[in-house]
Amino acid sequence: MPHHHRTTQQTAIQLLQRRQLRLTACRISVVHNLLEQKNAISQPELENELQDFDRVTLYRTLHTFLEKGIIHQIYDDSGVIKYALCTEHCDHDHLHQDEHVHFKCMLCKQITCVDSVSIPTIQLPQGYTFVDANFLVRGICSGCQKK
Ligand SMILES: [Zn+2]
Ligand SMILES: [Zn+2]
Ligand SMILES: [Zn+2]
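Residues numbered from 1 in each chain as written. Chains lettered and ligands numbered in written order. Predicted model: local features only at pLDDT ≥ 70, side-chain atom pairs only at ≥ 80, totals over all residues. Heavy atoms only, no water.

Visitor: Would you explain the nonpolar core in this entry?
Guide: Taken as a class, soluble globular proteins show a tendency for nonpolar side chains to be buried jointly. L16, V30, V31, F65, I70 and I71 are the most contacted members of the largest nonpolar core, which has 19 residues in total. Sorting elements by how many residues they give to this core places helix α2 (residues 25-36) first, with five residues. When neighbours within four sequence positions are excluded, I71 is seen to be in contact with L34, L62, F65, L66, Y83, A84, L85, C86 and H96. (Core = buried A, V, L, I, M, F, W, Y, C linked by side-chain atoms within 4.5 Å. Buried < 20%, exposed > 50% of the residue type's maximum accessible area, 1.4 Å probe, protein only. Helix = DSSP H or I, 4+ residues; strand = E, 2+ residues; numbered from the N terminus. Contact = heavy atoms within 4.5 Å.)

Given below as C-alpha cells:
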C-alpha cells in the first residue's frame, strides 16, 4: 500500500470519529474516495468505483453523511445530484454551511467546490423562507484551459 493512501485512510477515520460515527468499511471507503478526488461525485459514479458495496448500503451511507454534515449535495445542471465533502463548519448540530459557489467545467463536466467564493445573502420577499441556495457557475476549468 503506498504511503499517501494510508494517510488518506487515517484522515477518513478521524473525520468519522469526529462526527461520532461508527466505523464501517463502507463509510471509510466513501470518505476515502471523496478525500482523494477534488471533484464532486454522483452516486452512480461511486457505485462504479466502490464495487464491494451494494447500492442500498451506499445510499444509506450517503444519507447518513448528509445528515451528519460530512457531505453536501450539489445540483448539476444535467439533473444529476453530486456529493462533495463539507468543511469542518458543518455538523449535525449546526445546519450545513456550504454557502459557496460550485463550478462546472463545460469540457470535462467536473464540478468542484469553490470555497473562496461565497453566496451573497439572499433577501427574499416578505412571507418567503430561505432554506438553501445552489449556485452553479459554468466555464472552463484550469486543467482543461491548459490543453
Ligand atoms: Zn455541509
Ligand atoms: Zn475541465
Ligand atoms: Zn461544495
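Back to the write-up after that little detour.
Visitor: I'm lost on the pairing of strand β5 (residues 111-118) in this one. Help?
Guide: Look at any regular strand and the pattern is simple: side chains alternate between the two faces of the sheet. Here strand β4 (residues 100-105) pairs with β5 via five bridges, running antiparallel. Within the sheet, the bridge partner assigned to H100 lies in β5 and is S118. Count of turn residues in the β4/β5 antiparallel hairpin: five residues, of which K109 carries a positive phi of about 65°. (Pairing = 2+ DSSP bridges.)

Visitor: So what exactly am I meant to see when it comes to the coordination of the zinc ion (ligand 3) here?
Guide: Working reference: metal with six octahedral donors, ideal angles 90 or 180 degrees; metal with four tetrahedral donors, ideal angle 109.5 degrees. For the zinc ion (ligand 3), the full set of protein donor atoms is H72 (NE2), H100 (NE2), H102 (NE2) and C113 (SG), at a range of 2.0 to 2.2 Å. One can describe the donor arrangement at the zinc ion (ligand 3) as tetrahedral, given that its four donor atoms subtend angles of 101 to 114° at the metal. We note that the donor set of the zinc ion (ligand 3) lies within a single chain, spaced as H-x27-H-x1-H-x10-C. Taken as a pair, H72 in strand β2 (residues 71-75) and H102 in strand β4 lie far apart in primary sequence, 30 residues in all. H102 carries the same exposure label as H72, and that label is buried. (Donors = N, O, S within 2.8 Å, 3.2 Å for Na, K, Ca; no water. Tetrahedral: all angles 85-135°; square planar, octahedral: opposite > 155°, others 65-115°.)

Visitor: Sorry, what's going on with unusual backbone geometry here?
Guide: When glycine is set aside, most residues are seen to have a negative phi, and most peptide bonds are trans. A positive phi angle is found at Q20, which is not glycine, with a value near 55°. In this fold, Q20 is placed in the loop between α1 (3-18) and α2. Here Q20 falls in the exposed class, since its relative accessible area comes to 68%. Of note in this structure, K109 is not a glycine but carries a positive phi near 65°. Of note, K109 is situated in the loop between β4 and β5.

Visitor: Sorry, what's going on with the sheet that holds strand β6 (residues 136-139) here?
Guide: Each strand in a sheet pairs with another by means of backbone hydrogen bonds, the pair being arranged parallel or else antiparallel. Within the open sheet, the three strands sit side by side as β5-β4-β6. Their pairing is mixed. Only two strands of the sheet have a single partner each, and these edge strands are β5 and β6. This sheet shows a mean twist of 35° between the axes of neighbouring strands, independent of strand direction. (Axes fitted to C-alpha atoms, helices over the stretch in contact; angles between N-to-C directions.)

Visitor: Before we go on, may I ask you to explain the sheet that holds strand β1 (residues 41-42) in this structure?
Guide: If you trace the three strands from one edge of the open sheet to the other, you get β1-β3-β2, paired in antiparallel fashion. Lying at the two open borders of the sheet, with one neighbouring strand each, are β1 and β2. Strands β1, β2 and β3 (81-85) of the sheet are contacted by α2, whose axis makes an angle of about 85° with β3. Its contacts with the sheet put helix α4 (residues 55-67) on β2 and β3, and the angle it makes with β2 is roughly 105°.

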